[in-house]
Amino acid sequence: MADNEDRYQHGEAHDPLVDETEDAREARSAAARLFDIRRVIGGLFVVYGLIVGLMGLFDSSAEIDKAQGVRINLWAGAVMLVFGLLMLLWQRLSPTEAPEPQRDES
Amino acid sequence: MGSGLRLNMNALDYLILALYFVTVLGVGFAARRAIKTSVDFFLSGRSLPAWVTGLAFVSANLGALEIIGMAANGAQYGIMTVHYYWIGAVPAMVFLGIVMMPFYYGSKVRSVPEYLRLRFNRPTHLLNAISFAVAQVLIAGVNLYALALIMQALLGWPLWIAIVVGAVIVLAYITVGGLSGAIYNEVLQFFVIIAGLVPITVIGLVKVGGVNGLMDAVRESKLGEAGLHAWQGTGSTDNPLGAHWLGIVFGLGFVLSFGYWTTNFAEVQRALSARNMSAARRTPIIAAYPKLLIPVVTVIPGLIALITVKGLGADQGDLVYNNAIPLLMRDLLPNGVLGIAVTGLVASFMAGMAANVSGFNTVFTYDIWQAYFRRDKPDGYYVKVGRIATVVAVVVGIGTAFIAAGFSNIMNYIQALFSVFNAPLFGTFIIGMFWRRMSALAGFWSLLSGTVVAIATYVLYKTGVISFNSDLEESFWGAGLAFVTVAVVAAIVTPLTRPKPDSELTGLVYGRSDATLADDSLAGDAAWYRSPVLLGVVAVVLAALFYIPVF
């Protein structure tokens, strides 16, 4: 791309198309205001946990037999409920605005 | 598929599914607030933390390919299927994070094809941009078709309704929410998919008498003892997979997997949206950890289905291998977790399709439209183009969905596509990154000839001119041959052509790092547990250790 020779004067392989979008991003990007996905995941799983867990309380013996005698709805509901609450707790303990969420790798 | 797979969904199961649809759309619309610039739309403004991009990275790959295809492979080939994870994914993901991400993220390219434009020239770029765009639409079609088939079989929805519902929801949240909509939903989808698959595995294992019961039963199945070993019997091709260990290590473990994971923009895009270099490098490595464990909820259900579903493995009808998971859902899950499992399957198809569509719209807008058609428009114009491209991709995807109908095993079809598009691309990338002298013209001819060789191998195999033990072996060898072709052509053409000046290579090749690049690290990035190299090495060691009990 010989026509871009003047762009490389900073010792960087800069490209005009890349630079333009980068400039626009730095000036106007709104992504920092993104909502927190942990709240959405937590909320959905709490609801799922409650629905499935309550169904588990009233499972007929036919349904328990189908699941090889495991009260799977009760178990799955409880696990999802706890998982959802943990997500909400994590979000509460370290909100998005913090520079870096804790337990990043967990 | 007939009505034999029909699930007994009740109102609460449908409520679970409906809640999921509502949430996914809500996330899309909420993400809309965060779109001001084209980088916001296509790369989430490069603002996301590593755990989000990492989970999206693994989720983007959890489409039809994973869930249905890998369970089918588990039933058909047994434990050897873990090769797709432990040697066929984890090392490449770690390599992407440690070695290649500094070039991708550091050069601020907005897509994988764009790297080729800067490193080589515009013809190389255009060739790759077009082949990628075509591949993404085809694969989006595969995902959509698989989704529709499952919905039709499980819920009794007519095929076209299933296709339209699936397509419209994905379309809505990507068109509106851009990559943030896609990525945030992928994180959500990851957890829903796991929540849907775990109960199947747990109840399935209870039914067959735990892990020991499973192993005993597999020994007596048609797979026999060979179904329990990953490496034994690979000295020849006399094993369930029909693959020699050389093919597994070099074909799958090196060329095929590195091609897929390191150059597939639908994946790499997730890392490019990370908020800084450290998070970008950790993205694929964080994804490697769930990847290590996913066989537990895909391969094991496959084996359980082999044992508990009589007659599984038919050539057609309800008992094809691809129905392993749906059959287990029908037989084992009561209402409640059944709704979760259906939702998980739907989520997986949407995640896969969304990854393809969001990869496509970015490459189409930045690499085709902006680079070759309408160059100097205001930034907001390209957001509009991206939204239109999304609509077009989904519409074309619906059309291509039916191409997938000709293949009994979706997995093989997708593998065939990847060997055609990704293996030569990986060869060109890796040589271009580490051999500074490689010229721009060499890049073009390498990529073109490698792609031609991969397509030719596939066509010759399909027409019966050359023969392999299985479709999978064909893709190993096709990928390997394409890679070698790329290397040979690069070595021949480079000395005959003009090198690219060093000033144009800064930040793009090994040994020419960009000294002016600002340090973007955040507080805490220096912590040992956030070191990409350490995290990566641990992932690879775990993958090796996991092989021990199933050697």
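Participant: Which residues make up the overall build of chain B, and what values go with them?
Facilitator: A tally of helices and strands in chain B yields 22 helices and zero strands. The C-alpha radius of gyration computed for chain B amounts to 22 Å, which stays within 12% of the reference 24 Å derived for 551 residues, consistent with globular compactness. Taking the principal axes of the C-alpha coordinates as reference, chain B spans close to 65 × 55 × 50 Å. Sorting the 551 residues of chain B into buried and exposed places 66% on the buried side. When contacts within chain B are restricted to residue pairs at least 6 apart in sequence, long-range pairs at least 24 apart make up 83% of them. Carbon together with sulfur atoms contributes 69% to the accessible area of chain B, which is approximately 17,300 Å² in total. In chain B, 32 side chains carry a positive charge and 25 a negative one; their mean positions are 10 Å apart.

Participant: Could you give me a rundown of the side chain of N422 of chain B, with the residues and numbers involved?
Facilitator: Checked against the element boundaries, N422 of chain B lands in the loop between α18 (410-421) and α19 (423-434). Once residues within four sequence positions are removed from consideration, N422 of chain B is found in contact with G259, Y260 and T263 of chain B.

Participant: Summarise the side chain of T365 of chain B; cite the residues concerned and give the values.
Facilitator: Structurally, T365 of chain B can be placed in helix α16 (residues 337-372). One polar contact links the side chain of T365 of chain B to the main-chain carbonyl oxygen of N361 of chain B, over a distance of 2.7 Å.

Participant: Help me get a handle on the nonpolar core, residues and values and all.
Facilitator: Core analysis: the biggest nonpolar cluster contains 202 residues, and Y20, Y104, M151, M329, V342, V346 and F429 of chain B have the highest contact counts within it. With sequence-adjacent residues up to four places away left out, Y20 of chain B is seen in contact with Y48 of chain A together with Q189, V192, T343, V346, A347 and M350 of chain B.

Participant: Quick one: what's the story with the confidence of the model for chain A, residue by residue and with numbers?
Facilitator: If pLDDT is low for a region, its predicted coordinates should not be looked at in detail. All names here are of chain A. Residues with a pLDDT of 70 or more make up 69% of chain A, whose mean pLDDT is 74. Taken together, the stretch residues 1-12 has pLDDT below 50 and engages in 20 contacts with residues farther than four places along the chain or on a different chain. The low-confidence segment residues 98-106, where pLDDT is below 50, has 27 contacts with residues more than four positions distant or belonging to other chains.

Participant: Quick rundown of the pattern of salt bridges? Include the residues and the values.
Facilitator: Residue and element names in this part refer to chain B. Enumeration according to the criterion identifies nine salt bridges over all chains in this entry. E114 is the salt-bridge partner of R110, the closest N and O atoms lying 2.6 Å from each other. Each member of the pair R110 and E114 is classed as buried. One salt bridge in this structure joins E114 and R117, with 2.9 Å as the shortest N-O distance. Separated by three residues within a single helix, E114 and R117 lie in helix α7 (residues 112-119), roughly one turn from each other. For the pair shown, E114 and R117 are each scored as buried. By sharing partners, the salt bridges in this structure join R110, E114 and R117 into a single network.

Participant: How would you explain the environment of T263 of chain B if you had to name every residue and give the values?
Facilitator: Residue and element names in this part refer to chain B. By the secondary structure assignment, T263 is in helix α11 (residues 245-263). T263 sits 43 residues away from L306 along the chain, and the two C-alpha atoms are 35 Å apart. Those residues in contact with T263 that sit more than four places away from it in its chain are Y104, V112, F258, V268, N422, L425, F426 and F429. There is a polar contact of 2.6 Å between the side chain of T263 and the backbone oxygen of G259.

Participant: Can you explain α19 of chain B? Please cite residues and give values.
Facilitator: All names here are of chain B. Compared with an ideal rise of 1.5 Å per residue, which puts twelve residues at 16 Å, α19 spans 17 Å between its outermost C-alpha atoms and is within 8% of the ideal. Counting buried positions over the twelve residues of α19 gives eleven, a clear majority of the element. Restricting attention to buried positions, one finds in α19 the residues A423, P424, L425, F426, G427, T428, F429, I430, I431, G432 and M433.

Participant: Give me the lowdown on the interface of chain B and chain A, citing residues and values where you can.
Facilitator: By a widely used convention, the size of an interface equals the accessible area lost when the partners come together. Across the contact, 76 residues belong to chain B and 51 residues belong to chain A. Across the interface of chain B and chain A, roughly 5,600 Å² is buried in total on both sides, 64% from carbon and sulfur atoms. Counting the contacts that link chain B with chain A gives zero salt bridges. Where chain B touches chain A, the interface holds four residue pairs in polar contact (both at pLDDT 80 or more). Going through the elements one at a time, α1 (11-32), α2 (38-43), α3 (50-60), α7, α9 (159-208), α13 (277-293), α15 (324-332) and α16 of chain B are the ones with two or more residues in the side of chain B that touches chain A. Ranked by residues supplied to the side of chain B that touches chain A, first place goes to α9 of chain B with eleven residues. By residue class, the composition of the side of chain B that touches chain A is 39 nonpolar, 16 polar and 21 charged.

Participant: So, unusual backbone geometry: which residues are in play, and what are the values?
Facilitator: Residue and element names in this part refer to chain B. A positive phi angle is found at S44, which is not glycine, with a value near 50°. In this structure, R46 is a non-glycine residue whose phi angle is positive, near 45°. Using a relative accessible area of 3% as the deciding quantity, one classes R46 as buried.

Participant: Could you give me a rundown of the confidence of the model for chain B, with the residues and numbers involved?
Facilitator: Averaged over every residue, the pLDDT of chain B is 85; the share at 70 or more is 95%. Scored as a complex, the prediction yields pTM 0.87 and ipTM 0.86.

Participant: Report on a negative patch on the surface, specifying residues and quantitative values.
Facilitator: A cluster of like negative charges, contributed by E20, D23 and E26 of chain A together with D376 of chain B, occupies part of the molecular surface. Of note, E20 of chain A is situated in helix α1 (residues 16-28).

Participant: Tell me about the packing of α3 of chain B against helix α12 (residues 265-272) of chain B, residues and numbers included.
Facilitator: The geometry of a pair of packed helices is captured by two quantities: the angle between their axes and the separation between those axes. Residues and elements named next belong to chain B. In the contact formed by α3 and α12, the axes pass within 8 Å of each other and the chain directions differ by 170°. Taken together, the axes of α3 and α12 are roughly antiparallel relative to one another. Across the interface between the two elements, T53, A56, F57 and A60 of α3 pack against A266, E267, V268 and R270 of α12.

Participant: Residues and numbers for helix α22 (residues 532-547) of chain B, please.
Facilitator: All names here are of chain B. A rise of 1.5 Å per residue sets the reference length of α22, with its 16 residues, at 22 Å; its end C-alpha atoms lie 23 Å apart and thus fit the reference within 8%. By the burial criterion, the buried members of α22 are P532, L535, G536, A539, A543 and Y547. Along the axis of α22, the buried residues cluster in a sector spanning 120°; they form a single face. Among the structural elements, α5 (83-86), α6 (90-106) and α13 are those in contact with the buried residues of α22.

Participant: Which residues make up a nonpolar patch on the surface, and what values do they have?
Facilitator: A cluster of nonpolar side chains, contributed by V533, V537, V541, L545 and I548 of chain B, occupies part of the molecular surface with about 440 Å² of accessible area. For L545 of chain B, a relative accessible area of 46% corresponds to the partly exposed category.

Participant: Residue-level account of the environment of I248 of chain B, with values.
Facilitator: All names here are of chain B. Here I248 shows up in helix α11. For I248, a relative accessible area of 0% translates into the label buried. I248 sits 176 residues away from A72 along the chain, and the two C-alpha atoms are 19 Å apart. Contacts of I248, omitting those with residues within four sequence positions, involve M80, H83, I87, W231, T234, A243, G253 and F476.

Participant: For the packing of aromatic side chains, give the residues involved together with the corresponding values.
Facilitator: With the rule as written, the count across this model stands at 31 aromatic pairs over all chains. Taking the centre distance of 5.4 Å and the plane angle of 75° together, the rings of F254 of chain B and F483 of chain B count as edge-to-face. With F254 of chain B in helix α11 and F483 of chain B in helix α21 (residues 471-493), this residue pair connects regions lying 229 residues apart in the sequence. Since its relative accessible area comes to 30%, F254 of chain B is described here as partly exposed. The class for F483 of chain B is buried, based on a relative accessible area of 16%. Through pairs of rings, three or more aromatic residues link up here, namely F45, Y48 and F83 of chain A together with F190 and F191 of chain B. Sitting above the plane of the Y105 of chain B ring, R46 of chain B keeps its charged end 5.6 Å from the centroid. The lysine or arginine in question, R110 of chain B, covers the ring of Y366 of chain B, its NZ or CZ lying 3.9 Å from the ring centre.

What counts and what doesn't
Residues numbered from 1 in each chain as written. Chains lettered and ligands numbered in written order. Predicted model: local features only at pLDDT ≥ 70, side-chain atom pairs only at ≥ 80, totals over all residues. Heavy atoms only, no water. Helix = DSSP H or I, 4+ residues; strand = E, 2+ residues; numbered from the N terminus. Rg over C-alpha atoms; globule rule 2.2 N^0.38 Å. Buried < 20%, exposed > 50% of the residue type's maximum accessible area, 1.4 Å probe, protein only. Contact = heavy atoms within 4.5 Å. Areas by Shrake-Rupley, 256 points an atom, 1.4 Å probe, with all protein chains shown as cover. Lys, Arg positive; Asp, Glu negative; His and termini not counted. Charge placed at Lys NZ, Arg CZ, Asp CG, Glu CD. Polar contact = N/O pair within 3.5 Å; in protein donor to acceptor, adjacent residues only side chain to side chain. Core = buried A, V, L, I, M, F, W, Y, C linked by side-chain atoms within 4.5 Å. pLDDT = per-residue confidence, 0-100. Salt bridge = Lys/Arg side-chain N within 4 Å of Asp/Glu carboxyl O. Expected span 1.5 Å × (residues − 1). Buried area = accessible area lost by both parts, 1.4 Å probe. Nonpolar A, V, L, I, M, F, W, Y, C, P; charged D, E, K, R; others polar. Patch = residues over 30% accessible without salt bridge, like charges linked within 9 Å, V, L, I, M, F, W, Y side chains within 5 Å. Axes fitted to C-alpha atoms, helices over the stretch in contact; angles between N-to-C directions. Parallel < 35°, antiparallel > 145°, perpendicular 65-115°, else oblique. Arc of directions from axis to C-beta. Phe/Tyr/Trp six-rings, centres within 6.5 Å; stacked < 30°, edge-to-face > 60°. Lys NZ or Arg CZ within 6 Å of the ring centre and 35° of its normal.

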